[in-house]
Amino acid sequence: MDSIFERYQKGTSFTNWSERLGYFFNAVKITDAEMKKAYLITLLDAAMFSELKLLVSNRDLELVPYDEIVQRLRDRYDRKECDFILRYKFNNRVQQSKETVQDFIHAVKLQSEVCGFGNFKETAIVDRVVFGIRDKVLQRRLLCEDDLTLKSMEKIIATWELTVMDQSEKRPVKERLGVVPRSSAVGTYYEDIGGENNLHSRANKYSGSICGFCGKRGHVTRRCFELKAAQEKDMMDVDAGSRAPVKMTTDNDDDDYNWKRSKIIY
């Protein structure tokens, strides 16, 4: 049935859809009200079917007339806000963080159906998609088009997504695993943004640690700048060998590091 007559799409006029369904019933010679009701309910998705049961106050649907079901669904889905409010919502629609570009375009199209744009509808859809898209590189690509239409915009976006997907598959393995490239004077190196080299991750990891050398909280011995400064000073001091060794505590220090290193610094 749904391959012959499309299902109702939320955001569009239910009144217009139900009127077209009536013409379909006339075309296929369906006159029985119970048969019409059965076809109508079949064309509703699971969420709409649940709402319908609530709209009829949980009465047995077999006892609810077809005309009453249509009227209740019209009241539910055709609640009309003023055109100004609808256009305001449309003009503030942007692509959400987890929304694909194709889903964004589809949502904008559905929302435009109730805004009363008339002949301006296609232009309004193009403007809203271009202004609301998250990918700024793709946005600049669309803005470079002299005569951008809805059809040409969808073609550019489809090609763009295929290109981006193909490029993502060709990225180095390190990048695909979340390791980002960094540039330096000597070339490019890779840094794990979630690993130990990340300053924020390091701060969180050692926030409860106490340095065995300086006794301060927030870092471990091998990260202690005071220890490094002392070692550099000892290397420059010819009399450093005659001094007593500096002992360090091991309370709450980095155990992974301690077993590899002596806890006495000369």
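Because the structure is a prediction, the values reported are computed rather than measured.

### Regarding the overall build of the protein chain
- If you tally the helices and strands in the protein chain, you get 13 helices and four strands.
- Residue burial in the protein chain is summarised as follows: out of 266 residues, 29% are buried.
- Considering only contacts within the protein chain whose residues lie at least 6 apart along the sequence, 44% involve residues at least 24 apart.

### Some thoughts on the packing of aromatic side chains
- Within the structure shown, the criterion is met by twelve aromatic pairs.
- Site record: aromatic cluster; members linked through ring pairs are Phe5, Tyr8, Phe14, Trp17, Phe24, Phe25, Tyr39, Tyr66 and Tyr77.

### A short note on the nonpolar core
- Ranked by internal contacts, the top residues of the largest apolar core, which has 22 residues, are Phe14, Trp17, Leu21, Leu40, Leu52 and Leu73.
- Once you skip the residues sitting within four places of it in the chain, Leu40 turns out to touch Phe14, Trp17, Leu21, Tyr66, Ile69 and Val70.
- Listed in part, the 21 residues of the second largest apolar core include Val101, Val108, Leu150 and Ile157.

### What about the packing of helix H6 (residues 101-112) against helix H7 (residues 121-132)?
- Between H6 and H7, the shortest axis-to-axis distance is 10 Å and the interhelical angle comes to 140 degrees. Overall, the two elements H6 and H7 adopt an arrangement that is oblique. The hand of the H6/H7 crossing is right-handed. Contact residues: Phe104, Ile105, Val108, Lys109 and Ser112 in H6; Lys121, Ile125, Arg128, Val129 and Gly132 in H7.
- Classifying every residue of the contact of H6 with H7 by side-chain character gives five nonpolar, two polar and three charged.

### Some details on the layout of surface pockets
- Empty space within the second largest pocket amounts to approximately 150 Å³.
- Residue composition of the lining of the second largest pocket, grouped by class: three nonpolar, five polar and four charged.

### Thoughts on unusual backbone geometry
- One non-glycine residue, Lys29, lies in positive phi territory at about 65 degrees.
- Looking at where Lys29 falls in the secondary structure, it is placed in the loop between helix H1 (14-27) and helix H2 (33-42).
- The class of Lys29 is exposed, set by a relative accessible area of 69%.

### Remarks on helix H8 (residues 136-143)
- Looking at H8, one finds that the buried residues are Leu138, Gln139 and Leu142. All buried residues of H8 project into a common sector of 105 degrees when viewed along the axis, lining one side.
- Sitting at the head of H8, Asp135 places a side-chain oxygen 3.1 Å from the backbone nitrogen of Val137.

### Some remarks on the packing of helix H3 (residues 46-55) against helix H4 (residues 66-77)
- Running from N to C, H3 and H4 cross one another at 110 degrees; their axes reach a closest spacing of 10 Å. What the angle tells us is that H3 and H4 run roughly perpendicular. On H4, the residues that touch Met48, Glu51, Leu52 and Leu55 of H3 are Ile69, Arg72, Leu73, Arg76 and Tyr77.
- Along the lines of polarity and charge, the residues of the contact of H3 with H4 split into six nonpolar, no polar and three charged.

### What about the confidence of the model for the protein chain?
- Taken as a whole, the protein chain shows an average pLDDT of 77; of its residues, 69% reach a score of 70 or greater.
- Averaged pLDDT values for the elements of the protein chain fall to 45 in strand S4 (residues 264-265) and rise to 93 in H7.
- Under a pLDDT of 50 for its full length, residues 259-266 has, in the predicted model, 18 contacts with residues more than four places off or in other chains.

### Section: the side chain of Arg93
- Among the structural elements, Arg93 can be located in the loop between helix H5 (83-91) and H6.
- Engagement of the side chain of Arg93 in a polar contact is seen with the side chain of Glu99, the distance being 2.8 Å.
- Those residues in contact with Arg93, other than ones at most four positions away along the chain, are Glu99, Phe104, Ala107, Val108, Gln111, Arg128 and Gly132.

### Focus: the state of the cysteines
- On inspection of all chains with the given rule, the structure shows zero disulfides.
- For Cys211, which is in no disulfide, the shortest distance to another cysteine sulfur is to Cys224 and amounts to 3.7 Å.
- Relative accessible area serves as the criterion here: at 1%, Cys211 is assigned to the buried category.

### Some remarks on H2
- Listed in full, the buried residues belonging to H2 are Lys37, Leu40 and Ile41. All buried residues of H2 project into a common sector of 95 degrees when viewed along the axis, lining one side.
- Where H2 is buried, its residues touch H1, H3 and H4.
- By the N-cap criterion, in which a side-chain oxygen at the helix start approaches the backbone nitrogen of a residue two or three places on, H2 is capped by Asp32, the distance to Glu34 being 3.2 Å.

Definitions and limits used
- Residues numbered from 1 in each chain as written.
- Predicted model: local features only at pLDDT ≥ 70, side-chain atom pairs only at ≥ 80, totals over all residues.
- Heavy atoms only, no water.
- Helix = DSSP H or I, 4+ residues; strand = E, 2+ residues; numbered from the N terminus.
- Buried < 20%, exposed > 50% of the residue type's maximum accessible area, 1.4 Å probe, protein only.
- Contact = heavy atoms within 4.5 Å.
- Phe/Tyr/Trp six-rings, centres within 6.5 Å; stacked < 30°, edge-to-face > 60°.
- Core = buried A, V, L, I, M, F, W, Y, C linked by side-chain atoms within 4.5 Å.
- Axes fitted to C-alpha atoms, helices over the stretch in contact; angles between N-to-C directions.
- Parallel < 35°, antiparallel > 145°, perpendicular 65-115°, else oblique.
- Left-handed = near helix turned anticlockwise from the far one by under 90°.
- Nonpolar A, V, L, I, M, F, W, Y, C, P; charged D, E, K, R; others polar.
- 1 Å grid on protein atoms, 1.4 Å probe; cavity = no way out; pocket = protein on both sides within 12 Å on 5 of 7 lines; lining within 4 Å.
- Points joined across faces, edges and corners; volume = space filled by probe spheres on them.
- Arc of directions from axis to C-beta.
- Polar contact = N/O pair within 3.5 Å; in protein donor to acceptor, adjacent residues only side chain to side chain.
- pLDDT = per-residue confidence, 0-100.
- Disulfide = S-S within 2.5 Å.

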